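Coordinates in review
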Amino acid sequence: MTIKRIDVMIRRAKDIRTAMEQDAFMGAAEDWVEQDVVPAARSIAPVASGEFRDSIGGAVNQNQISIYADAPHSKWVEEGTSKMPARPTIKPAIQKMRSKLLARVRAKLREMTK
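Being a predicted model, the structure only gives us computed values, none of them experimental.

Describing the environment of F25
Residue position: F25 is located in helix 1 (residues 6-44). Using a relative accessible area of 25% as the deciding quantity, one classes F25 as partly exposed. Sequence spacing of F25 and L101 is 76 residues, and the spatial spacing of their C-alpha atoms is 8.9 Å. When residues no more than four places from it in sequence are discounted, the contact partners of F25 are I65 and V105.

The structure is reproduced here in structure tokens:
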């Protein structure tokens, strides 16, 4: 007995796997940004008025994860000036929480394949 069009079935199975992996990554990345990185960055952000801390956020799309602070003075806080030392917040938070992203992706994949 032969199965006709097995190549089509294999291609569709691969497409399903790719879609599942993409969904798992997107869900895990959104959780990572909202529950891990942004709170970590806000917890170590210097606070004068709170504007910088409150402007820290994140966004996820299929191609990238962005963590940002959009207060007008964010760049000066992160990088410093000739009169003020840098007080990095976002990069240390990402580095501290990096391992949790992979764990979240694995957990999402396990959840999807139950």
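Description of the nonpolar core
Within the largest apolar cluster, 21 residues are counted, with the highest numbers of intra-cluster contacts made by W32, V33, V37, F52 and I56. When residues of this core are traced back to their parent elements, those giving at least two are helix 1, strand 1 (56-60), strand 2 (65-69) and helix 4 (90-112). In terms of residue count, helix 1 provides more of this core than any other element does, 9 residues in total. The contact partners of V37, leaving out residues within four places of it in the chain, are W32, I67, A93, I94 and M97.

A word on a nonpolar patch on the surface
Together, I6, M9 and I10 make up an exposed nonpolar region whose accessible area comes to about 270 Å². Among the secondary structure elements, M9 is positioned in helix 1.

Things to note about the packing of helix 1 against helix 4
The geometry of helix 1 relative to helix 4 is characterised by a closest axis approach of 8 Å and an angle of 150 degrees between their N-to-C directions. One finds that helix 1 runs roughly antiparallel with respect to helix 4. The handedness of the crossing between helix 1 and helix 4 is right-handed. Here the residues of the contact of helix 1 with helix 4 are counted per class, giving 18 nonpolar, 2 polar and 8 charged.

Calculation notes
- Residue positions within a chain follow its written sequence, with the count starting from 1.
- Local features in this predicted model are restricted to residues of pLDDT 70 or higher, and side-chain atom pairs are both shown and tallied only at a pLDDT of 80 or more, whereas totals for entire chains, interfaces and linings draw on every residue.
- Working from all heavy atoms in the structure, the side-chain values ignore hydrogens and water.
- In this text, helices come from DSSP runs of H or I with a minimum length of four residues, and strands from runs of E with a minimum of two, each type numbered from the N-terminal end.
- Using a 1.4 Å probe on the protein chains alone, a residue whose accessible area is under 20% of its type maximum counts as buried, one over 50% counts as exposed, and one in between counts as partly exposed.
- The criterion used for residue contact is that any of the two residues' heavy atoms lie within 4.5 Å.
- We define a nonpolar core as any set of buried Ala, Val, Leu, Ile, Met, Phe, Trp, Tyr and Cys residues linked to one another through side-chain atoms lying within 4.5 Å.
- Patch membership requires over 30% relative accessible area and the absence of a salt bridge. Like charges are linked within 9 Å, and nonpolar side chains (Val, Leu, Ile, Met, Phe, Trp, Tyr) within 5 Å.
- Here the open area of atoms and residues is found with the Shrake-Rupley method and a 1.4 Å probe, where only the protein chains shown may cover a residue.
- Salt bridges are defined by distance alone: a side-chain nitrogen of Lys or Arg within 4 Å of a carboxyl oxygen of Asp or Glu.
- Between N-to-C directions, angles cover 0 to 180 degrees, with each direction set by a line fitted to C-alpha atoms, over the stretch in contact for helices.
- Any angle that is under 35 degrees is reported as roughly parallel, and any over 145 degrees as roughly antiparallel; angles of 65 to 115 degrees are reported as roughly perpendicular and all others as oblique.
- Helix crossings get a hand from a simple test, with the near helix turned counterclockwise from the far one by less than a right angle marking a left-handed crossing and a clockwise turn marking a right-handed one.
- By the convention adopted, Pro, Cys, Tyr, Trp, Phe, Met, Ile, Leu, Val and Ala count as nonpolar, Lys, Arg, Asp and Glu as charged, and the other residues, Gly among them, as polar.

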